[in-house]
Amino acid sequence: MEVDALSVRTMNFSQHWRTPGIVEVRYEVTLPGAYAVALLEQDWADLVEDYQRFPAPDDPLDQALRALDWPEPARALADPVAAPLVLDSFTHELLLRWFDDGVPSGSGFVLNTVDAFSMAGADVYLAGRARPHVPDVPYAYQDV
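The rules behind these values
- Residues numbered from 1 in each chain as written.
- Predicted model: local features only at pLDDT ≥ 70, side-chain atom pairs only at ≥ 80, totals over all residues.
- Heavy atoms only, no water.
- Axes fitted to C-alpha atoms, helices over the stretch in contact; angles between N-to-C directions.
- Helix = DSSP H or I, 4+ residues; strand = E, 2+ residues; numbered from the N terminus.
- Parallel < 35°, antiparallel > 145°, perpendicular 65-115°, else oblique.
- Left-handed = near helix turned anticlockwise from the far one by under 90°.
- Contact = heavy atoms within 4.5 Å.
- Nonpolar A, V, L, I, M, F, W, Y, C, P; charged D, E, K, R; others polar.
- Phe/Tyr/Trp six-rings, centres within 6.5 Å; stacked < 30°, edge-to-face > 60°.
- Buried < 20%, exposed > 50% of the residue type's maximum accessible area, 1.4 Å probe, protein only.
- Lys NZ or Arg CZ within 6 Å of the ring centre and 35° of its normal.
- Salt bridge = Lys/Arg side-chain N within 4 Å of Asp/Glu carboxyl O.

Student: Please explain the packing of helix H2 (residues 60-67) against helix H4 (residues 82-99) as it appears in this structure.
Tutor: Relative placement of two packed helices is described by the angle separating their axes and the distance separating the axes. As a packed pair, H2 and H4 sit with axes 9 Å apart at the nearest point and diverge in direction by 135°. When the axes of H2 and H4 are compared, the pair comes out oblique. Like other packed secondary-structure pairs, H2 and H4 cross with a definite hand, here left-handed. Between H2 and H4, the residues in contact are Pro60, Leu61 and Ala64 and Ala82, Leu85, Val86 and Ser89, respectively. Class assignment for the residues of the contact of H2 with H4 results in six nonpolar, one polar and no charged.

As structure tokens, then:
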């Protein structure tokens, strides 16, 4: 499917659709690992600083990053313990920045959940549920 036929739900991501009759479909995407690393690097220093200043010993991500002596994003994503925890924290942001929000310009799909994530070699594999987008069909986005 073409990239411009996909978008990501920004508000209420992972919640049910309020428009009656929507039938969700499963999606799978693989994003370049270099993209994930570059995106994580933008806020990584702040994340690490927060964990160092305000330790969260019960937080598995804190534990994993601390055990790796505060790795850079590439090393965290290469680690079998840290990678799923990092992905769990950043999957929506990865999708949102890759596909953008809003709706596709034509027919397509709006991604709404991430139910599975993993590293596929050096790349990031994500899967979840999406709704079809049909131009000129009204969709309810908030409770009224």
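Student: Looking at this structure, how should I read the packing of aromatic side chains?
Tutor: Aromatic rings in a pair are described by how distant their centres are and how their planes are angled relative to each other. Following the criterion strictly, the structure yields one aromatic pair and no others. Aromatic pair Tyr35 and Trp98: ring centres 4.7 Å apart, planes at 65°, arrangement edge-to-face. Residue Tyr35 is located in helix H1 (residues 33-53), and its partner Trp98 is located in helix H4; the two are separated by 63 residues in the primary sequence. What makes Tyr35 buried here is its relative accessible area of 16%. Lying across the ring of Trp17, Arg9 places its NZ or CZ 4.0 Å from the centre. Above the face of the Trp17 ring, Arg131 is positioned so that its terminal group lies 4.9 Å from the ring centre.

Student: Just to check I follow, could you spell out the pattern of salt bridges for this structure?
Tutor: Opposite charge on two side chains lets them pair, provided their charged atoms get close. Evaluation of the coordinates by the stated rule reveals three salt bridges. Arg66 is the salt-bridge partner of Asp62, the closest N and O atoms lying 3.0 Å from each other. Pair noted here: Asp62 and Arg66 are both in helix H2, with a separation of four residues, about one helical turn. Judged by relative accessible area, Asp62 falls into the buried class, the value being 1%. Under the relative-accessibility criterion, Arg66 is labelled partly exposed at 39%. With a shortest N-O distance of 2.7 Å, Arg97 and Glu93 are connected by a salt bridge. Taken together, the residues Arg97 and Glu93, both in helix H4 and four residues apart, mark about one turn of the helix. Since its relative accessible area comes to 44%, Arg97 is described here as partly exposed.

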